[in-house]
Amino acid sequence: MPTTNALHIAVLPGDGIGPEVMQPALEVLRKIETKAGLSFRFSEAPAGATHYLQAGVAMPETTIRLCEEADAILLGACGLPSVRYPDNTEIAPQIELRFHFDLYAGVRPARLIPGVPSPIVGAEAKGIDLVVIRESTEGLFASMGKGVVTEDEARETLLITRNTSERLFKFSFKLAERRRARGRSGTLTCVDKANVFKAFAFFREIFDEVASHHPDVKAERLYVDACAMMLVKRPWDFDVLVTENMFGDILSDLAAGLIGGMGMAPSADIGDRHAVFQPCHGTAPDIMGQGKANPTAMILSAAMMLDWLADTHGIESAAEASERITAALDQVYASGLKPFEFGGQAGTVDVTKAVLDAL
C-alpha cells in the first residue's frame with residue numbers, strides 16, 4: 001500500500017468499445033486529480049479477445065504481474081462474440097481476474113440518475129438506489145471449464161463454501177452500514193433458493209450467523225424468484241442485496257435495466273487486497289468506432305475505484321473526488337443530456353465533454 005496519495009492504476013482497455021469508453025474515464029480522473037490533491041500513474045496492458053487473436057492468450061503474464069503490483073485495476077469491456085476458446089466459451093479476462101485475485105465480492109450498484117428514463121412506473125418520483133452484491137468466485141461459476149458433457153447429458157456443479165460466504169456476508173454488512181451512515185436504509189437482503197436446494201439453505205444459515213453479529217443492520221431473506229418480481233414492481237424498497245454468483249449475474253443485469261440500461265451500470269469485483277473496476281456492459285462491436293458508445297458506466301466505475309481507494313488507503317480526498325464525479329454526471333443528465341440509447345444524439349465525445357465541463 002502506498003504511503004502517499006500517488007496511486008498506481010493498471011489500465012486494461014479491453015475490446016470493442018472498451019478502449020473508447022476507457023479514455024473518457026482516464027480524462028475524468030486526470031481532471032479531478034489536481035483538484036483533489038491526488039496523483040495517478042496509469043500503466044496500460046493488453047487483455048481480451050483482440051490479444052487472444054494476436055498472441056493465443058487472453059491475458060499475458062506481464063498483465064497479471066502489473067495487476068498484482070497496482071493499487072487498483074481499471075478494466076474495459078472484454079470479449080467478442082466471434083472469438084472463442086476451442087471449447088466454444090467466450091474470452092472473459094474479467095472472470096479470470098476474479099479467480100486469480102480471489103475477488104469474491106461483485107459490487108453492482110443500480111442508481112437512477114436524475115433525467116434518465118426508467119421502464120418502471122413511479123421510479124422517477126420514488127427513486128432507485130440499490131446495490132446487488134454478487135459472490136464472484138464460487139456458485140455455479142466455480143464449475144467453469146469443469147463441466148461434464150456426454151452424448152446424453154451435461155452436468156455443472158454449484159459450490160458454496162463457508163469461508164467465502166462468511167467473507168462475502170461480512171463485506172455486505174459493512175457496506176450496508178456505510179450506506180446507512182450516508183442516509184440510506186442500510187437493509188441487507190439475502191437472496192437465495194433455500195426452500196429447494198441444500199446448498200442455498202447452507203448459504204442462508206451462514207448469513208444468519210453473520211447477521212447475529214450485526215444487530216444494527218436490518219437483515220432480510222428473500223427467494224430469488226420473488227426477488228426478481230419485486231425488483232420490477234417496487235425496486236425502491238431495496239437497499240443492499242447479497243446473493244450467489246449466477247443469481248447475481250442475472251439480477252444485476254435486471255437491476256441495470258431499471259436505471260436506463262447497461263450503459264449506466266458500473267461495477268467492481270473486490271477481494272481482501274485487490275479490486276477490479278469495470279462497466280457492466282459488453283463490447284458492443286456493432287457500434288465500435290462510431291463514436292456512439294456511452295462512457296457513463298466506465299466513468300462511474302472509476303468513481304467507485306476512488307471510493308474503494310479512500311476506504312482501503314485512508315485517502316479522504318479520493319472519496320470526495322468520487323462524490324464530485326457522481327455529482328457531475330447527475331448534473332449533466334438532469335440538464336437534459338441524452339445519449340444515443342435514450343433516443344438522443346450525445347455520443348462519447350459529447351458525454352465526456354459535458355462531464356469534464358461540470359467538473
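These notes cover the structure that comes with them. (Residues numbered from 1 in each chain as written. Predicted model: local features only at pLDDT ≥ 70, side-chain atom pairs only at ≥ 80, totals over all residues. Heavy atoms only, no water.)

Details of helix 10 (residues 296-313)
Line of reasoning, step 1. Its 18 residues give helix 10 an end-to-end C-alpha distance of 25 Å, which sits within 8% of 26 Å, the value for a rise of 1.5 Å per residue.
Line of reasoning, step 2. Of all 18 residues that make up helix 10, 16 are buried, and the element is covered over most of its length.
Line of reasoning, step 3. Where helix 10 ends, the next residue or the one after it, Gly314, has phi of about 70°, a positive value. (Helix = DSSP H or I, 4+ residues; strand = E, 2+ residues; numbered from the N terminus. Expected span 1.5 Å × (residues − 1). Buried < 20%, exposed > 50% of the residue type's maximum accessible area, 1.4 Å probe, protein only.)

Thoughts on the side chain of Asp192
Line of reasoning, step 1. Within the element layout of this structure, Asp192 appears in strand 8 (residues 188-192).
Line of reasoning, step 2. Take Asp192: its relative accessible area is 0%, and that puts it in the buried class.
Line of reasoning, step 3. There is a polar contact of 3.1 Å between the side chain of Asp192 and the backbone nitrogen of Ala194. (Polar contact = N/O pair within 3.5 Å; in protein donor to acceptor, adjacent residues only side chain to side chain.)

With respect to the state of the cysteines
By definition, a disulfide links two cysteine residues through a covalent bond between their sulfur atoms.
Line of reasoning, step 1. Taken as a whole and judged by the stated rule, the model has zero disulfides.
Line of reasoning, step 2. Lacking any disulfide linkage, Cys227 is separated from the closest cysteine sulfur, that of Cys190, by 10 Å.
Line of reasoning, step 3. Accessibility expressed as a relative area gives 0% for Cys227, which makes it buried.
Line of reasoning, step 4. Free of any disulfide, Cys280 has its nearest neighbouring cysteine sulfur in Cys78, separated by 13 Å. (Disulfide = S-S within 2.5 Å.)

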